[in-house]
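Residues per chain are reported as follows:
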Amino acid sequence: MSVILLLATAPAHSQTVSAQTVDDRYQASIALSGGVAAELTLRFEGVVGLEPAALGVSVQLVDPLSPSLLARLPNLTSFTIPAAFPMLIQIAPPVGGGFAFEGLYEIELYTRNLHYTAGTPLRIFRAPSGGVFRDVTENVSGGSYRPRGSGGDFSEFLIVADLRSLSTVVNDKFARLSALLNEHGAEIASAPRLTLEQLAAQAHQRWLAGDTEGAADTLSDFEAAVVTAAAAGELPRVWRSARDITNVDGGLRAASRTLRFSLNQVANGL
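> Could you give me a rundown of the overall build of the protein, with the residues and numbers involved?
Counting secondary structure elements, the protein contains 5 helices and 14 strands. The C-alpha radius of gyration computed for the protein amounts to 18 Å, which stays within 12% of the reference 18 Å derived for 270 residues, consistent with globular compactness. Looking at the protein as a whole, 48% of its 270 residues qualify as buried. Of the contacts made within the protein by residues no fewer than 6 positions apart, 70% connect residues no fewer than 24 positions apart. A total accessible area of about 11,900 Å² is found for the protein, and carbon and sulfur atoms account for 51% of it. If the 20 positive side-chain charges of the protein are averaged to one point and the 26 negative ones to another, these points end up 3 Å apart.

> Can you explain the nonpolar core? Please cite residues and give values.
Residues Tyr26, Leu40, Phe44, Leu55, Ile89, Phe99 and Phe154 are the most contacted members of the largest nonpolar core, which totals 37 residues. For this core, the secondary structure elements donating two or more residues are β2 (13-22), β3 (25-32), β4 (37-48), β5 (57-61), β7 (87-91), β8 (100-110), β9 (122-127) and β13 (156-162). Contacts of Phe154, omitting those with residues within four sequence positions, involve Phe44, Leu55, Ile91, Pro93, Phe99, Phe101, Tyr105 and Trp239. Counting residues in hydrophobic clusters, the runner-up holds 25 residues, among them Leu180, Ala203, Ala215 and Ala216.

> So what's going on with the side chain of Ser144? Residues and values would help.
Within the element layout of this structure, Ser144 appears in the loop between β11 (137-142) and β12 (145-151). If we ignore the near neighbours within four places in the chain, the residues touching Ser144 are Tyr110, Thr111, Arg112, Leu114, His115 and Tyr116.

> Please set out a negative patch on the surface residue by residue, giving values where relevant.
The grouping of Asp211, Glu213, Asp217 and Asp221 at the surface amounts to a negative patch. In this structure, Asp221 sits in helix α4 (residues 212-231). Here Asp221 falls in the partly exposed class, since its relative accessible area comes to 46%.

> Break down the layout of surface pockets for me, citing the residues and quoting the values.
Summary: where empty space remains is shown by rolling a probe the size of a single water molecule over the atoms. In this model, the largest pocket occupies a volume close to 650 Å³. Lining the largest pocket are 31 residues, and of these Arg126, Arg134, Asp153, Arg176 and Leu180 lie nearest its centre. Mapped onto the lining of the largest pocket, the elements with two or more residues apiece are β9, β10 (134-135), α2 (166-183) and α5 (248-267). Per-element tally for the lining of the largest pocket: the top contributor is α5, with 6 residues. Across the lining of the largest pocket, the residue classes tally to 15 nonpolar, 7 polar and 9 charged. Here the second largest pocket is characterised by a volume of approximately 150 Å³. If you go around the second largest pocket, the residues you meet are Gln90, Ile91, Ala92, Pro128, Ser129, Asp153, Phe154, Ser155, Glu156, Trp239 and Arg243. Within the lining of the second largest pocket, the residues separate by chemical class into 5 nonpolar, 3 polar and 3 charged.

> Please provide a residue-by-residue account of the pairing of β7, values included.
Counting buried positions along β7 gives 4 out of 5 residues, so the element sits mostly inside the fold. By the bridge criterion, 5 bridges tie β5 to β7 in an arrangement that is antiparallel. Looking at β7, one finds that Val59 is bridged to Ile89. Note that β7 and β13 share 3 bridges and pair antiparallel. The residue bridging Ile89 from the neighbouring strand is Phe157, located in β13.

> So what's going on with the side chain of Lys173? Residues and values would help.
Its place among the elements puts Lys173 in helix α2. Side-chain polar atoms of Lys173 contact the side chain of Asp135, separated by 2.9 Å. Polar contacts involving the side chain of Lys173 include one to the side chain of Ser262, which spans 2.8 Å. When sequence neighbours within four positions are dropped, the list of residues in contact with Lys173 reads Asp135, Thr137, Thr258, Leu259 and Ser262.

> Mind laying out the environment of Arg253, listing which residues take part and the relevant values?
Of note, Arg253 is situated in helix α5. Separated by 2.8 Å, the side chains of Arg253 and Glu45 make a polar contact. Within the structure, Arg253 has its side chain in polar contact with the side chain of Asp249 (distance 2.7 Å).

Cut-offs used in this document
- Residues numbered from 1 in each chain as written.
- Predicted model: local features only at pLDDT ≥ 70, side-chain atom pairs only at ≥ 80, totals over all residues.
- Heavy atoms only, no water.
- Helix = DSSP H or I, 4+ residues; strand = E, 2+ residues; numbered from the N terminus.
- Rg over C-alpha atoms; globule rule 2.2 N^0.38 Å.
- Buried < 20%, exposed > 50% of the residue type's maximum accessible area, 1.4 Å probe, protein only.
- Contact = heavy atoms within 4.5 Å.
- Areas by Shrake-Rupley, 256 points an atom, 1.4 Å probe, with all protein chains shown as cover.
- Lys, Arg positive; Asp, Glu negative; His and termini not counted.
- Charge placed at Lys NZ, Arg CZ, Asp CG, Glu CD.
- Core = buried A, V, L, I, M, F, W, Y, C linked by side-chain atoms within 4.5 Å.
- Patch = residues over 30% accessible without salt bridge, like charges linked within 9 Å, V, L, I, M, F, W, Y side chains within 5 Å.
- Salt bridge = Lys/Arg side-chain N within 4 Å of Asp/Glu carboxyl O.
- 1 Å grid on protein atoms, 1.4 Å probe; cavity = no way out; pocket = protein on both sides within 12 Å on 5 of 7 lines; lining within 4 Å.
- Points joined across faces, edges and corners; volume = space filled by probe spheres on them.
- Nonpolar A, V, L, I, M, F, W, Y, C, P; charged D, E, K, R; others polar.
- Pairing = 2+ DSSP bridges.
- Polar contact = N/O pair within 3.5 Å; in protein donor to acceptor, adjacent residues only side chain to side chain.

Written out as structure tokens, the structure is:
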């Protein structure tokens, strides 16, 4: 177990991040000015060099009405940043730090500044540094608010209220999954690429036909096919601090998992 205490002070703002790592898990208690606080947990499927400083975690309060920040959301009308939790988390492992992981990491936030209710529009969004934020939520639960997501690379995280209809969210996530397959198709061996394209298309067709549960089940098959291909060395599965490899495994599975979450919400009438 490693423990580190980081303190930083800026004009009118103070922050405390107390972090530790245990086996494949990183945990941090975050306290910012104005009583904004959270527990951050990261879990890895396979990881090397996991120490608190190796992840390069930083946090800051943001202005929920900042034009430059709102411009990084998919549009200016369907999303808001909750004033009760204006916390931006950045995870940027130092390039020379020797940190690496395989497959997926899961990220979970727990905060008392927000409160869970059934059908809440609050989601955890992720963005490349300075890029567009996208919904990566895989689960939300109470006590007081606890969202979970996953990813195959690191970036910035923000809690956002997504006011779009669930059907719009699902369609957007299907488009995102298709775009990732196109973007990384050259990095996937031909046979598994064809299988993944067929499964993604089949899930989409089932969604369009009103078979929401069938679409979610097909995405589970998609994720299993990604794992099988990665284990066989047929697509990249590693992210490392040198940033010289694209973690296709983690990226595809994370996109599928957040899509399944939204499909399940539709199926449950939320």
